[in-house]
Amino acid sequence: MIFSPVSRLPVTARSYLTSIAVLMLVLVAVHFSIQAWGQQQAQQWITAWEKKYGGHVGEARVQMLRGALTIHDMQWKSKGIDFRAPFVLLRGNLSDSIEQIDIREIVLQGAKVTVSNALFQQILQKKTNLSELLPWARLLDGVRDMHSYDMDIVVQAGLEENLPLQPLVVHHANLSATPQQRQWQLLGDVWDGFINLSSQNNGQDITWSNLDAMQLTESLGLSVIEGRVTGKASWQKKQLSGDIVWREKALSSNKKAISEGKVSFQGVVDESDWQVDIQTMDWPLQIFSASTPILYGRKLNGAYLTGKLDLKRKQQGWQASMKQGVIRNLNYSDESKAVWYLQHIDFKKAKLVWPQRTLRMDKVVIEQGNWAVDSSASTAAILPSAWNMNFPKVSFKAIKLGDIAKHIWLPDMQGELSLHGQRLNMKASSDSDAMGQWELQAQGVVAEKFDIKVRAKHVPLLNFRDALPQTFVKDARLSGDVGLDLKGVWHTDGWQLHGDMDGHNIMWNRGAWLWRAEQMQLKAISFGSIETPSADVWEVHNWAGQTSLTPWSQATNMSVSQKQQKPVLSLDGWKLKHIMIDSGKFSLGQEDAVWFESDMVKLDDVEENNVIN
């Protein structure tokens, strides 16, 4: 026989325990009944939600003890939004119909929200609201708290004023919100940095730190720059303010950042009109390279702006104006061309209108830089016709002008110019011991044709080495004093100059050969970027030639076959109609050992590969 401790209890106690056991069984049965009923009710309104709003739920379970509903694999998609969440927790009254459901708390884990760029722009400009974005938003009216962990937010690629925008991806975002108090905060990783965005009382604040400038500028459709960006902004009832700091990457681990730019801004912003005051300090303008003028095939590669800028935006476009400002290290470059570089630019009363592409600066002062052209290339696109640029007065000094193809550079040029649209008027001069005294004038329509005048005195002959026949100047020493008086044109097919050149105390020396002339003239010179150089007359006065006996004896001991060959004069393409050489002598060995003297030597129609008899 089996005995139980219960059997020893009085009858009253045993009856009491039996009642408790039965009650517990009833409560468990009721619990599971309510659980099943709640699960059935939840499934009904989820099914209704899926059908009415086009959503999808993989699995839903009611947790009666927690008063919550867990949803797995929730998806919803509409025009401009794609929402996916592997786990959703809802708390509230979940047993009523979909019309009467009351959700008080929402928790998301690992969700991903993809938004089209067009919708994102509408959200930024406050042209849409929650009821338009989510047709089932009224289900969230009673929500008191909302939390999301490890969420990804993706804004798809798009266009902003014809500029390409790359996708914006915020990783591992955490969202906390109190909808009834209209408060929320979003923390996340973006562009290899960190962002904190919050909203309270209809105002938004955003801070960001250590954003990768390359990813940031590419995503915004701007020209890519290196470095890191940190800043903050506040938007309170149409009042926008904040500041941004950009730091360029250090050249090495033990060097500080080589450049830093700052922007502070404050103004009024609404749906259509912007009016913002911006204070810049060495801010990199190269991020707008895609929108700046292309000069002579070159694009803006660097420029840093300092000054106070007034930015306005209306329906017809943007307008930026500055009373005064400074641009340093302006750099226009191309892979195959020399850099155009201006170190320091002061300007007053500047105004830029976009997209009309109108730029005006009333007074500009430029100090130090280099500006070069390529004489072998076409000049059809010196200035872009799409731009209307006006610079009534530009003064410059310490500018190095040059020709890449001819390797001719004029240092320390100074002068003034004016530019109205495509019409240019310039005067410049330079005076140095190394390059002589130069005067340049240019006027006309840049994109079509403009006239050029060049005058120079006391220019060392050595500076024209690359423009002279290389047969003569290769491995040779040159000296002398040269003057120029040239006129010409610069047009879409290239450039052309003609005029006269005179030289004094000219010396040419190669090996044992020495040639001097007190005076030399080239009359009616004509040369350009695409034509063969020529001159009507080459005159030489009071000249003297000299060589040693050894090379001369070697020359006289040539073989018979060599003596029968006629010498060829190579001028590297130069053409000379007439050569006139007078009052000269030629010596062997010593200068006083004169071999022959000549009062006058004339040659006609001298050009490349002509045979001298």
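Because the structure is a prediction, the values reported are computed rather than measured. (Residues numbered from 1 in each chain as written. Predicted model: local features only at pLDDT ≥ 70, side-chain atom pairs only at ≥ 80, totals over all residues. Heavy atoms only, no water.)

Caption draft 1: How the structure looks around the overall build of the protein. When its secondary structure is counted, the protein shows seven helices and 31 strands. When the accessible surface of the protein is totalled, it reaches about 34,900 Å², and 54% of it is carbon and sulfur. (Helix = DSSP H or I, 4+ residues; strand = E, 2+ residues; numbered from the N terminus. Areas by Shrake-Rupley, 256 points an atom, 1.4 Å probe, with all protein chains shown as cover.)

Caption draft 2: Geometry of empty space enclosed by the protein. For the structure on display, the rule yields one cavity of 30 Å³ or more. Its volume calculated, the largest cavity comes out at about 60 Å³. Surrounding the largest cavity, L514, R516, A544, G545, Q546, K585, S587 and E591 form its lining. Those elements that provide at least two residues to the lining of the largest cavity are β28 (513–528), β29 (534–547) and β30 (575–588). Partitioned by chemical class, the residues of the lining of the largest cavity number two nonpolar, three polar and three charged. (1 Å grid on protein atoms, 1.4 Å probe; cavity = no way out; pocket = protein on both sides within 12 Å on 5 of 7 lines; lining within 4 Å. Points joined across faces, edges and corners; volume = space filled by probe spheres on them. Nonpolar A, V, L, I, M, F, W, Y, C, P; charged D, E, K, R; others polar.)

Caption draft 3: Structural context of the confidence of the model for the protein. Averaged over every residue, the pLDDT of the protein is 81; the share at 70 or more is 81%. This model gives residues 26–34 a pLDDT under 50, and the stretch forms three contacts once residues within four places in sequence are excluded. Confidence over residues 251–257 falls short of pLDDT 50; this stretch has five contacts with residues more than four positions distant or in other chains. (pLDDT = per-residue confidence, 0-100. Contact = heavy atoms within 4.5 Å.)

Caption draft 4: Looking closely at the packing of aromatic side chains. Considering all chains together, one arrives at six aromatic pairs under this definition. Measuring from ring centre to ring centre gives 4.1 Å for W340 and W371, while their planes differ by 25°; the resulting arrangement is stacked. Within this pair, whereas W340 is found in strand β19 (residues 337–354), its partner W371 is found in strand β20 (residues 358–373), the two being separated by 31 residues in sequence. Given the relative accessible area of 3%, W340 is considered buried. A centroid spacing of 6.0 Å and a plane angle of 50° characterise the contact between W354 and W387, whose relative ring orientation is tilted. (Phe/Tyr/Trp six-rings, centres within 6.5 Å; stacked < 30°, edge-to-face > 60°. Buried < 20%, exposed > 50% of the residue type's maximum accessible area, 1.4 Å probe, protein only.)

Caption draft 5: Spatial organisation of the side chain of S234. Topologically, S234 is positioned in strand β13 (residues 228–236). Among the residues examined, S234 registers a relative accessible area of 18% and is labelled buried. Contact partners of S234, with chain neighbours within four places excluded, come to Q204, D205, Q239, L240 and S241.

Caption draft 6: Inspection of unusual backbone geometry at higher detail. The step from W354 to P355 runs through a cis peptide bond, and the omega angle for that step is 15°. Take P355: it is sitting in the loop between β19 and β20. Although it is not a glycine, D73 adopts a positive phi angle of roughly 55°. Within the secondary structure, D73 is located in strand β2 (residues 68–78). Backbone geometry at K349 places phi at a positive 50°, although glycine is not the residue there. Relative to the helices and strands, K349 is located in strand β19.

Caption draft 7: The arrangement of the nonpolar core in detail. Counting residues in hydrophobic clusters, the biggest one holds 134 residues, and the most contacted among them are L69, I71 and W438. Setting aside residues up to four positions removed in sequence, W438 forms contacts with L410, A428, S429, S430, V454, R455, A456, V459, F464 and L484. (Core = buried A, V, L, I, M, F, W, Y, C linked by side-chain atoms within 4.5 Å.)

Caption draft 8: Broad picture of the pairing of strand β24 (residues 436–445). Pairing between strand β23 (residues 423–432) and β24: 10 bridges, direction antiparallel. By the bridge assignment, D431 is partnered in β24 with Q437. Hairpin geometry of β23 and β24 is characterised by an intervening segment of three residues between the two adjacent antiparallel strands. Across nine bridges, β24 lies against strand β25 (residues 449–460) in antiparallel orientation. The residue of β25 that forms the bridge with A442 is I452. (Pairing = 2+ DSSP bridges.)

Caption draft 9: Molecular detail of the pattern of salt bridges. Going through the model one piece at a time under the given rule, you end up with 10 salt bridges. Linking R91 and E105 is a salt bridge whose minimum nitrogen-to-oxygen distance equals 3.2 Å. Linking R91 in strand β3 (residues 81–93) with E105 in strand β4 (residues 102–109), this pair joins segments that are 14 residues apart in sequence. Look at E105 and you get partly exposed, because its relative accessible area is 23%. The shortest N-O distance in the salt bridge between D536 and K577 comes to 3.7 Å. Of this pair, D536 sits in strand β29 while K577 is found in strand β30, placing the two residues 41 residues apart along the sequence. Among the residues examined, D536 registers a relative accessible area of 31% and is labelled partly exposed. Among the residues examined, K577 registers a relative accessible area of 46% and is labelled partly exposed. The structure contains a network of salt bridges with shared partners spanning R247, E260 and K262. (Salt bridge = Lys/Arg side-chain N within 4 Å of Asp/Glu carboxyl O.)

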